[in-house]
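Residue strings, one per chain:
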Amino acid sequence: MHFIVKVFPEIIIKSPPVRKRFIKQLRDNLRALVSQVGPGIRVDRDWEKIEITAADDQLSAEDLAVREARVAEILAHTPGIGSYLKVLEFPLGDLHNIFETTFACWRDRLAGKTFCVRAKRSGTHEFTSHEVERYVGGGLAQHTENAGVELRKPEVTVRLEIKNDRLFVVSSQNPGLGGYPLGSQESVLSLISGGFDSTVSTYLTMKRGIRTHFCFFNLGGRQHELGVKEVSYYLWHKYGASHPVKFVTVPFEGVVSEILRHVDNAYMGVVLKRMMMRAASQVAEEFKWPALVTGESVAQVSSQTLPNLSVIDRVTDALVLRPLITMDKGEIIDVSRKIGTETFAASMPEYCGVISVKPTTRARMDKVVAAEEKFDFSVLEQAVAERAVVDVRDLDATPDDVPAVEVVSELPEGAAVIDIRHPDEEALKPLQLAADVLKIPFYTLNNALAQLEPEKRYYLYCEKGIMSQLHASHLADDGLTHIGVYRPE
């Protein structure tokens, strides 16, 4: 196995010390991530790229394909990568040897397509890069069923890299996520509700290399909290698993009740946002996180007009980042679809305790201050004091008031497994068992419960055991005692 990782172009143009720091950070991140795939995988860097290699002689073809697919999945979703190349390495030889090696790798992939050959070379050789391109290109043109050589806009580009006495044939080139390596910027606290906006804004800060922690304000819905934990874990696991982060839950039911009792209807939404900003600022200050992140976009809803955003921001001295501020809703949904959070957002249980009949779009500071004078701020202080802070890796911890569920490493006879993973994750590592396996993604689980046989034992499965533990515990709390967790050793 051999991958060449090209860093995001913005990194290359930075000063040498900054470039070195960013590439080192990316290397460290990749080492942490690929170590979970298996032993013996090397991650090495130079001034502009990173190489990932592993000896393959001890693996079967099937195991090798699985390992390469898992590494490719990591490279596709790790911030800081511009592109990554899967390469095949060979001894160099002369020009004819280079052609024969390239022909063996590419002969079946050029049929009916225009192509060109591009070669990069480092070291001392008896030929130039241009001579390699002409010789190999001419040979492929004669000996494959191609549609011709096209130098300007070919359908296929055959890429070769020559380094001293080694030849690297690029088997495939894929785009990376871009952005900066996670951990190269300071930490922030993202206010996340689980909908389209907050998940996309959280992803965008992660992509920019910002270690992004999660803050959820619970307005009274347990299923909503479960859904937000799911999507937060998904975002972290897919795009930021090189660095552990915190998930903060702030109980806001009392704050909502206080607003309903004492705040004029038109100002409820603005005051609620200000209370959230106050609470999030206190949490961020305690952990020394210098900024907050929200998913607001100008004029998308009444509380997001410029006058209202101005009034909301004046409640905190913290820097407030709004990555979506000029994006249309359609653009935001497109990004959520691309990153895999659309299914979460579309099925997210909603709970909103503050709905204004005629919300103001031009909040006045004097009226906001007057409204908040009636508010009992000890309620807000209590909410912040009672916040729960957990490591995102420990989101499966079962609360004391939720029934424990059975966790098994071996399935009882007659039991069935419900694979609740996201379809993309399930396709990458299909679960193969002798028992019955039902593929029911977590976001459709509640709707599918009625189809289960009440007398049969079911065990939820996900790769890390996080989401399966969460769902099984809450289902047990709802009285479904025939559902456990399958966690193979």
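Our structure is the block above this text.
It should be emphasised that the depicted structure is a prediction, and the values quoted were computed from it without experimental measurement.

Each value, and the rule that gives it
- Residues numbered from 1 in each chain as written.
- Predicted model: local features only at pLDDT ≥ 70, side-chain atom pairs only at ≥ 80, totals over all residues.
- Heavy atoms only, no water.
- Pairing = 2+ DSSP bridges.
- Helix = DSSP H or I, 4+ residues; strand = E, 2+ residues; numbered from the N terminus.
- Axes fitted to C-alpha atoms, helices over the stretch in contact; angles between N-to-C directions.
- Contact = heavy atoms within 4.5 Å.
- Left-handed = near helix turned anticlockwise from the far one by under 90°.
- Core = buried A, V, L, I, M, F, W, Y, C linked by side-chain atoms within 4.5 Å.
- Buried < 20%, exposed > 50% of the residue type's maximum accessible area, 1.4 Å probe, protein only.
- Expected span 1.5 Å × (residues − 1).
- Arc of directions from axis to C-beta.
- Polar contact = N/O pair within 3.5 Å; in protein donor to acceptor, adjacent residues only side chain to side chain.

### Describing the sheet that holds strand β12 (residues 291–293)
The 6 strands lie next to each other as β13-β12-β9-β10-β11-β14, forming an open sheet whose pairing is mixed. Bordering the open sheet on either side are β13 (319–321) and β14 (388–391), each of which pairs with just one other strand. The average undirected angle you get between the axes of adjacent strands in this sheet is 25°. With 5 bridges connecting them, strand β9 (residues 185–191) and strand β10 (residues 210–218) associate as parallel partners. Residue pairing across strands places Gln185 opposite Ile210, the latter belonging to β10. Against the sheet, helix α7 (residues 222–239) makes contact with β10 and β11 (246–251), and its axis sits at roughly 175° relative to β10, the strand it touches most.

### Points about the packing of helix α9 (residues 268–287) against helix α10 (residues 306–313)
Each pair of packed helices can be described by the angle between their axes along with the distance between the axes. As a packed pair, α9 and α10 sit with axes 9 Å apart at the nearest point and diverge in direction by 35°. The hand of the α9/α10 crossing is right-handed. The segment α9 lies against α10, with Val270, Lys273, Arg274 and Met277 engaging Asn308, Val311, Ile312 and Asp313.

### Details of the nonpolar core
In this structure, Leu30, Ile52 and Leu75 are the most contacted members of the largest nonpolar core, which totals 69 residues. Here this core takes 8 residues from α7, the largest share from any one element. Ile52 has contacts with Met1, His2, Phe3, Val5, Leu30, Ile41, Arg42, Val43, Val71 and Leu75, leaving out every residue within four places of it along the chain. Grouped together as the second largest cluster of nonpolar side chains are 39 residues, Ala266, Leu272, Met276 and Phe375 included.

### Overview of helix α2 (residues 16–34)
A rise of 1.5 Å per residue sets the reference length of α2, with its 19 residues, at 27 Å; its end C-alpha atoms lie 27 Å apart and thus fit the reference within 8%. Among all positions in α2, only Arg19, Phe22, Ile23, Leu26, Arg27, Asn29, Leu30, Leu33 and Val34 are buried. Down the axis of α2, the smallest arc covering the buried residues is 165°, so these residues share one side. Opposite its buried face, α2 presents the exposed residues Pro17 and Lys20, each directed more than 90 degrees away.

### Digging into the side chain of Asn146
Inspection of the secondary structure assignment puts Asn146 in the loop between α5 (129–143) and β6 (148–149). There is a polar contact of 2.9 Å between the side chain of Asn146 and the side chain of Thr144. If near-sequence neighbours (up to four positions away) are discounted, Asn146 is found in contact with Leu110, Gly112, Lys113, Phe115, Leu140 and Ala141.

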